[in-house]
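Residues per chain are reported as follows:
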Amino acid sequence: MISVDDSRHDLRADCSQCVGLCCVALAFARSADFAFDKPAGDPCVNLDGDDRCSIHPRLRDSGFAGCTVFDCFGAGQQVTQHTFAGASWRDGAEIRASMFAVFPVMRQLHELLWYLEDALALPAAASLHPALRRARSEVRSVTEAAAVTIGETGLEELRGAAALLLRDAARLARESGPIGAGPRHAARSRLRPGADLVGADLRGADLRGAELRGALLLGADLRDADLSRAELIGADLRGARLDGADLRDAIYLTQVQVNSATGDAATRLPLTLSRPSHWG
Ligand code: SF4
């Protein structure tokens, strides 16, 4: 099981230390997740003067479900408090442009750090921990750099090198225990990276050790499924049903994925993640 430590306290969003960057810098398209079109750089009309969401308790009922799914992995407070030393996008056009350019990059860097922390918490991947720690240091040094350096970062290069390590770490973890028999009504061969499992009936499936990297699991029925040691990096879990599912040892599961699915009190999550309030 992934252990809880404080090494990723700065990878969790702390909106009190941010200036509402996600509500201003990002673009939203009118959809089931967002009630209107909002261009990047325009403050959302629901953002108040203190950079707080004025409809936060009723986001879902107001047509902003997407806002309850989003997670910046702590990029907002890093950009606000560290990169820009407490400044705000309200302080002028120059700082606004720079902050809005840095924020999406920082979010990707923090997401990468989240995955690296996950890999470092996998006992089965201990042989890779020195290389993973080096990768983490490299990414962290970029997150602590000046805005101009962050903007010039070769993100793809950083991610590419880390991706190989993350994949190897996941393989070691997946293979460190029994591999599940798979779905009851479908061939186990359907369980593969990038698999199209949209709306699939995977209820009660033994998915231990499944390689579901990048799988499309939109609306899939995963109730009571066992996803121990299943690799879920990049898997699309929007609308998936996780009631009673066991995800405690799922590999590379994020808060965004959990937020985008539905579950219940019986869903078992990794200790590093929170049960979404909108699950009821
Ligand atoms: S609705 Fe609230 S949380 Fe969503 S973008 Fe607007 S201010 Fe931010």
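The structure contained in this document is the topic of the report that follows. (Residues numbered from 1 in each chain as written. Predicted model: local features only at pLDDT ≥ 70, side-chain atom pairs only at ≥ 80, totals over all residues. Heavy atoms only, no water.)

1. A few points about the overall build of the chain
Within the chain one finds seven helices and zero strands. Along the chain, from the amino end to the carboxyl end, the secondary structure elements read α-α-α-α-α-α-α. Taken over C-alpha atoms, the radius of gyration comes to 19 Å for the chain, in line with the 19 Å a tight globule of 280 residues would show. Taking the principal axes of the C-alpha coordinates as reference, the chain spans close to 60 × 45 × 30 Å. Burial statistics for the chain: of 280 residues in total, 49% are counted as buried. Within the chain, contacts between residues separated by at least 24 positions form 45% of all contacts whose residues are at least 6 apart in sequence. As presented, the chain carries roughly 12800 Å² of accessible surface, and 51% of it is formed by carbon and sulfur atoms. Each charge class in the chain can be summarised by its mean position, and for the 32 positive and 37 negative side chains these summaries are 5 Å apart. (Helix = DSSP H or I, 4+ residues; strand = E, 2+ residues; numbered from the N terminus. Rg over C-alpha atoms; globule rule 2.2 N^0.38 Å. Buried < 20%, exposed > 50% of the residue type's maximum accessible area, 1.4 Å probe, protein only. Contact = heavy atoms within 4.5 Å. Areas by Shrake-Rupley, 256 points an atom, 1.4 Å probe, with all protein chains shown as cover. Lys, Arg positive; Asp, Glu negative; His and termini not counted. Charge placed at Lys NZ, Arg CZ, Asp CG, Glu CD.)

2. Thoughts on the pattern of salt bridges
All chains considered together, the criterion is met by 14 salt bridges. Between R8 and D118 there is a salt bridge; the shortest N-O distance is 2.8 Å. Separated by 110 residues along the polypeptide, R8 in the segment before helix 1 (65-69) and D118 in helix 3 (residues 93-120) bring together distant segments of the chain. The same class applies to R8 and to D118, which are both buried. In this structure, R140 engages D10 in a salt bridge whose closest nitrogen and oxygen atoms are separated by 2.8 Å. Placement of the pair is R140 in helix 4 (residues 129-143) and D10 in the segment before helix 1, with a sequence separation of 130 residues. A single burial state applies to R140 and to D10, both of which are buried. (Salt bridge = Lys/Arg side-chain N within 4 Å of Asp/Glu carboxyl O.)

3. Some remarks on the site of the ligand
Around the ligand, the structure places C23, F34, C44, N46, L47, C53, L59, F64 and C67. Partitioned by chemical class, the residues of the shell around the ligand number eight nonpolar, one polar and no charged. (Near = heavy atom within 4 Å. Nonpolar A, V, L, I, M, F, W, Y, C, P; charged D, E, K, R; others polar.)

4. Thoughts on the packing of helix 3 against helix 6 (residues 155-174)
Between helix 3 and helix 6, whose axes approach to 10 Å, the crossing angle comes to 20 degrees. As summarised for this structure, helix 3 and helix 6 are arranged roughly parallel, according to the angle between their axes. For the pair helix 3 and helix 6, the sense of crossing is left-handed. Residues V105, Q108, L109, L112, Y115, L116 and A119 of helix 3 touch helix 6, and the partners they reach there are L155, L158, R159, A162, L166 and A169. Here the residues of the contact of helix 3 with helix 6 sort into eleven nonpolar, one polar and one charged. (Axes fitted to C-alpha atoms, helices over the stretch in contact; angles between N-to-C directions. Parallel < 35°, antiparallel > 145°, perpendicular 65-115°, else oblique. Left-handed = near helix turned anticlockwise from the far one by under 90°.)

5. Describing unusual backbone geometry
Here the phi dihedral of D51 falls at roughly 65 degrees; this positive angle occurs in a residue that is not glycine. The residue D51 is located in the segment before helix 1 in this model. The class for D51 is buried, based on a relative accessible area of 11%. Its identity as a non-glycine residue notwithstanding, D224 has a phi of 60 degrees, on the positive side. In this fold, D224 is placed in the loop between helix 6 and helix 7 (255-260). Taking the relative accessible area as the measure of exposure, D224 reaches 45% and is therefore partly exposed.

6. Things to note about the side chain of D243
With respect to the secondary-structure elements, D243 resides in the loop between helix 6 and helix 7. Within the buried set, D243 has no salt-bridge partner at all; the shortest N-O distance to an opposite charge, 4.2 Å, is to R241. In contact with D243, other than residues within four places in its own chain, are L222, R223, D224, T262, G263, D264 and T267.

7. Digging into the packing of aromatic side chains
On inspection of all chains with the given rule, the structure shows seven aromatic pairs. Ring centres of F36 and F64 lie 5.4 Å apart, and the angle between their planes is 75 degrees; on these two criteria the pair is classed as edge-to-face. In this pair, F36 sits in the segment before helix 1 while F64 sits in the segment before helix 1, placing the two residues 28 residues apart along the sequence. Accessibility expressed as a relative area gives 25% for F36, which makes it partly exposed. The exposure class of F64 is buried, given its relative accessible area of 4%. One aromatic cluster is present, formed by F28, F34, F36 and F64 through successive ring pairs. Seen from the ring of W114, R8 lies directly overhead, with NZ or CZ sitting 4.4 Å from the centre. (Phe/Tyr/Trp six-rings, centres within 6.5 Å; stacked < 30°, edge-to-face > 60°. Lys NZ or Arg CZ within 6 Å of the ring centre and 35° of its normal.)

By themselves, these observations are geometric and do not establish any function.
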